[in-house]
Amino acid sequence: MVLKVFFPSCCSSADSGILIGRWISEQNSAVILAVVHFPFIPVQVKQYLGEVQRVTKVSVSVLGSWSNSKQEKEESLSEFLEDLGTIFCHEPWIQISKEGDSKFWSCSILQKHSKNPQEEEIILVYYDQRKVMLSHLHPPLDTAGQRAEDASRLSAIFDTVARSQVLFMTDRYDEGPIKLTHWQSDGVEASIIVELLKQASVPACMLLAFLLSLVSGICRSRVLKFWPLSFLWSKLSTCEQLGHRLQHLQVISSNKKAQNQNQLMRKANIFVSLLIDVALGILLMSWLYRKNRIGHLADTLIPVADHVAEELQDLLQWLMGAPAGLKMNRALDQVLGRFFLYHIHLWISYIHLLSPFIEMILWYVGLSACLGLTVALCILSDIIALLTFHIYCFYVYGARLYCLKIYGLSSLWRLFRGKKWNVLRQRVDSCSYDLDQLFIGTLLFTILLFLLPTTALYYLVFTLLRLLVVIVQGLIHLLVDLIDSLPLYSLILRLCRSYRLAAGVKFRVLEQQDGKPLRLLMQINPLSYGGVVQTYRLPTYSCYPRDSWASLCKKLFLGELIYPWKHKGDKQN
């Protein structure tokens, strides 16, 4: 059989002692975690390992002995190292010895209690203990077959090192009776700034959680469930974005500890996303309030609205004539044209009525950028929706009129064929009509058919205008979704410390020598950038097309109203 020994590269220069680690019998592997130096008392070592097992729930034990020939040693040291196997009673007993500065180590296995000892081939695998400790192994997406089995074997190695964090808290500056060598032997990795932030974050999170509970209680009150407020809350994207950010703040300020690595990474991604969002919002706010840009924007808004209204009036005048040489129904054309021109006149009067207050409104709207760039973009989307409300009304009028004629023509067409729509059975059945019904049906069908081109032209023009507004709002919402859902912390971690996001490992064969065990170097394969986005992408509340292209084209043909945005809840844990 083949026995695999995972040896930390940081212990290659350690003094002679005993090897502490975990024996994985299912894989016939030994994971070395640390080296205990001479001198030591075996009883104290056993007590220390018992405490480590109680805290970490990892079966840590003495696996063998380590001999470094650099230090001065007695002639009986090798015999003493073999006798340690009798004291600690581990089967098999691993003996690793390093001879001078040689890269090739000797490794042997002792099986004193076995009746039929078998000679096993030994593979010595070097691994970076710090990277394995701080990394999180992501199993492959295709978890079937051999790949899932390999991932489970590797995860056992990663899990052993990660759960043994208590073992690495002892460094060479401690005055305890046991001296260890591991990746933090020269001093425990820590940051004073990080520790101070951890201490200060506790009362800050408690205060923030209390304030958020008040805000969420107000939002869930019955006052906001009445018709006008509930309707505005569901239609305005600003309210949806504020609710989405409120959920994010509740996740961050929660005093509940993350259960696994995914929840921890999700909290970090949300925190970094909020931080960058607020920073970009403050930059936008500082740019808006510098050099009186708010006033210039307010002075530009009214002429732009007048220009858009004039263009719409010219478009309606063109439709009331002979657009593209088409012959329209004169009476219906004039009625529809004057109806829409009157709406434009009302819209211009409404804009000029609000013109004295536009600068003040923009000034207060600009302050909302301190809540984040996404909130400012959602307010911009709502402002565009309000400024183009007359275009939306034109689209609704044209769509309803076109839809009425299409369904009327389809019903009268079934009348010609002796069919009718059965409402109860939801199907088309045969039906016999008398002469009066056929005459009235023919008359109505002829009227609707000859009025259809005029209605269809108005519907087509206003649908294109509506789609233009929807595309502009869609681009804004896509930018909001990008800021909300992009796992920025994970991407920064992938860029700076790629080993923290491990997709697997690769083994590189090192230089070999006859009579020595096979030497391998375990290296961590980082998760790809696409895998990082797919694994840690944050959920968003909105902004996905409700229908497919085929369904959208069908709705456009039938004149049904298009609701381009679908609100999605934050369902990810």
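These numbers come from a predicted model, not from an experiment.

**Observations concerning the environment of Asn525**
Item 1. Structurally, Asn525 is set in strand 13 (residues 518–526).
Item 2. Among the residues examined, Asn525 registers a relative accessible area of 27% and is labelled partly exposed.
Item 3. The spatial distance from the C-alpha of Asn525 to the C-alpha of Ala502 is 5.7 Å, given a sequence separation of 23 residues.
Item 4. If sequence neighbours within four positions are ignored, Asn525 has contacts with Leu501, Ala502, Ala503, Gly504, Val505 and Lys506.

**Describing helix 10 (residues 330–367)**
Item 1. Taking 1.5 Å per residue as the helical rise, helix 10 with its 38 residues ought to reach 56 Å, and the 51 Å between its terminal C-alpha atoms agrees with that figure.
Item 2. At Pro356, helix 10 shows its maximal bend, which comes to roughly 60 degrees.

**Points about the pairing of strand 7 (residues 121–127)**
Item 1. Where burial is concerned, most of strand 7 is hidden: 6 out of the 7 residues are buried.
Item 2. With 7 bridges connecting them, strand 1 (residues 2–8) and strand 7 associate as parallel partners. By the bridge assignment, Leu3 is partnered in strand 7 with Ile122.
Item 3. Pairing analysis gives 4 bridges linking strand 7 to strand 13, with the strands arranged parallel. Across the sheet, the residue bridging to Ile123 is Leu518, located in strand 13.

**With respect to a nonpolar patch on the surface**
Item 1. Taken together, Phe357, Met360, Ile361, Trp363, Tyr364 and Leu367 make up a surface patch of nonpolar side chains, about 610 Å² in accessible area.
Item 2. Along the polypeptide, Tyr364 turns up in helix 10.
Item 3. Of the residues examined, Tyr364 reaches a relative accessible area of 52% and is grouped as exposed.

**Description of the packing of aromatic side chains**
Item 1. Within this structure, the stated rule accounts for 18 aromatic pairs.
Item 2. Between Phe7 and Trp66 the ring centres are 5.3 Å apart and the planes differ by 35 degrees, which places this aromatic pair in the tilted class. Taken together, the positions of Phe7 in strand 1 and Trp66 in strand 4 (residues 60–68) put the pair 59 residues apart, joining distant regions of the chain.
Item 3. The class for Phe7 is buried, based on a relative accessible area of 0%.
Item 4. Here Trp66 falls in the buried class, since its relative accessible area comes to 0%.

**Points about the pattern of salt bridges**
Item 1. Throughout the structure, instances matching the rule amount to 5 salt bridges.
Item 2. Between Asp159 and Arg163 there is a salt bridge; the shortest N-O distance is 2.9 Å. Separated by 4 residues within a single helix, Asp159 and Arg163 lie in helix 4 (residues 146–163), roughly one turn from each other.
Item 3. Judged by its relative accessible area of 34%, Arg163 falls in the partly exposed class.
Item 4. We note a salt bridge from Arg245 to Asp484, for which the minimum N-O separation is 2.8 Å. Here Asp484 lies in helix 13 (residues 435–485) and Arg245 lies in helix 7 (residues 237–253), a separation of 239 residues in the sequence. Judged on exposure class, the residue Arg245 and its partner Asp484 are both buried.
Item 5. Through salt bridges with shared partners, a single ionic network connects Arg245, Asp277 and Asp484.

**Remarks on the pairing of strand 11 (residues 427–430)**
Item 1. In the sheet, strand 10 (residues 419–422) pairs with strand 11 via 4 bridges, with the strands oriented antiparallel. In the sheet register, Lys419 faces strand 11, and the bridge partner there is Ser430.
Item 2. Counting the residues in the hairpin turn of strand 10 and strand 11 gives 4 residues, including Gln426, whose phi is positive at 55 degrees.

**Describing the packing of helix 10 against helix 13**
Item 1. Two elements in contact, helix 10 and helix 13, have axes whose closest approach is 10 Å; the angle formed by their N-to-C orientations is 25 degrees. By the criterion of interaxial angle, the relationship of helix 10 to helix 13 is roughly parallel. Like other packed secondary-structure pairs, helix 10 and helix 13 cross with a definite hand, here right-handed. Contacts between helix 10 and helix 13 involve Leu332, Asp333, Leu336, Gly337 and Phe340 from the former and Leu451, Thr454, Thr455, Tyr458 and Phe462 from the latter.
Item 2. Among the residues making up the contact of helix 10 with helix 13, the classes are represented as 6 nonpolar, 3 polar and 1 charged.

**Observations concerning helix 8 (residues 261–288)**
Item 1. Taking 1.5 Å per residue, 28 residues should reach 40 Å; helix 8 reaches 40 Å between its end C-alpha atoms and fits that length.
Item 2. Taken as a whole, helix 8 has its buried residues at Met265, Arg266, Ala268, Asn269, Ile270, Val272, Ser273, Leu274, Asp277, Gly281, Met285 and Leu288.

**Topic: the nonpolar core**
Item 1. Core analysis: the biggest nonpolar cluster contains 41 residues, and Val45 and Leu167 have the highest contact counts within it.
Item 2. If near-sequence neighbours (up to four positions away) are discounted, Val45 is found in contact with Ile18, Val36, Phe40, Val62, Phe88 and Ile178.
Item 3. In this structure, Ile391, Leu457, Val480 and Ile483 belong to the second largest nonpolar core, which totals 25 residues.

**Focus: the packing of helix 10 against helix 12 (residues 389–416)**
Item 1. Running from N to C, helix 10 and helix 12 cross one another at 155 degrees; their axes reach a closest spacing of 10 Å. Of the possible angle classes, the one that applies to helix 10 and helix 12 is roughly antiparallel. Where helix 10 crosses over helix 12, the two elements pack in a sense that is right-handed. The residues of helix 12 that touch helix 10, namely those facing Leu332, Leu336, Phe339, Phe340, His343, Ile344 and Trp347, are Phe389, His390, Phe394, Tyr397, Leu401 and Lys405.

Thresholds, definitions, all that
Residues numbered from 1 in each chain as written. Predicted model: local features only at pLDDT ≥ 70, side-chain atom pairs only at ≥ 80, totals over all residues. Heavy atoms only, no water. Helix = DSSP H or I, 4+ residues; strand = E, 2+ residues; numbered from the N terminus. Buried < 20%, exposed > 50% of the residue type's maximum accessible area, 1.4 Å probe, protein only. Contact = heavy atoms within 4.5 Å. Expected span 1.5 Å × (residues − 1). Bend = angle between axes of the 7 residues up to and from the residue. Pairing = 2+ DSSP bridges. Patch = residues over 30% accessible without salt bridge, like charges linked within 9 Å, V, L, I, M, F, W, Y side chains within 5 Å. Areas by Shrake-Rupley, 256 points an atom, 1.4 Å probe, with all protein chains shown as cover. Salt bridge = Lys/Arg side-chain N within 4 Å of Asp/Glu carboxyl O. Phe/Tyr/Trp six-rings, centres within 6.5 Å; stacked < 30°, edge-to-face > 60°. Axes fitted to C-alpha atoms, helices over the stretch in contact; angles between N-to-C directions. Parallel < 35°, antiparallel > 145°, perpendicular 65-115°, else oblique. Left-handed = near helix turned anticlockwise from the far one by under 90°. Nonpolar A, V, L, I, M, F, W, Y, C, P; charged D, E, K, R; others polar. Core = buried A, V, L, I, M, F, W, Y, C linked by side-chain atoms within 4.5 Å.

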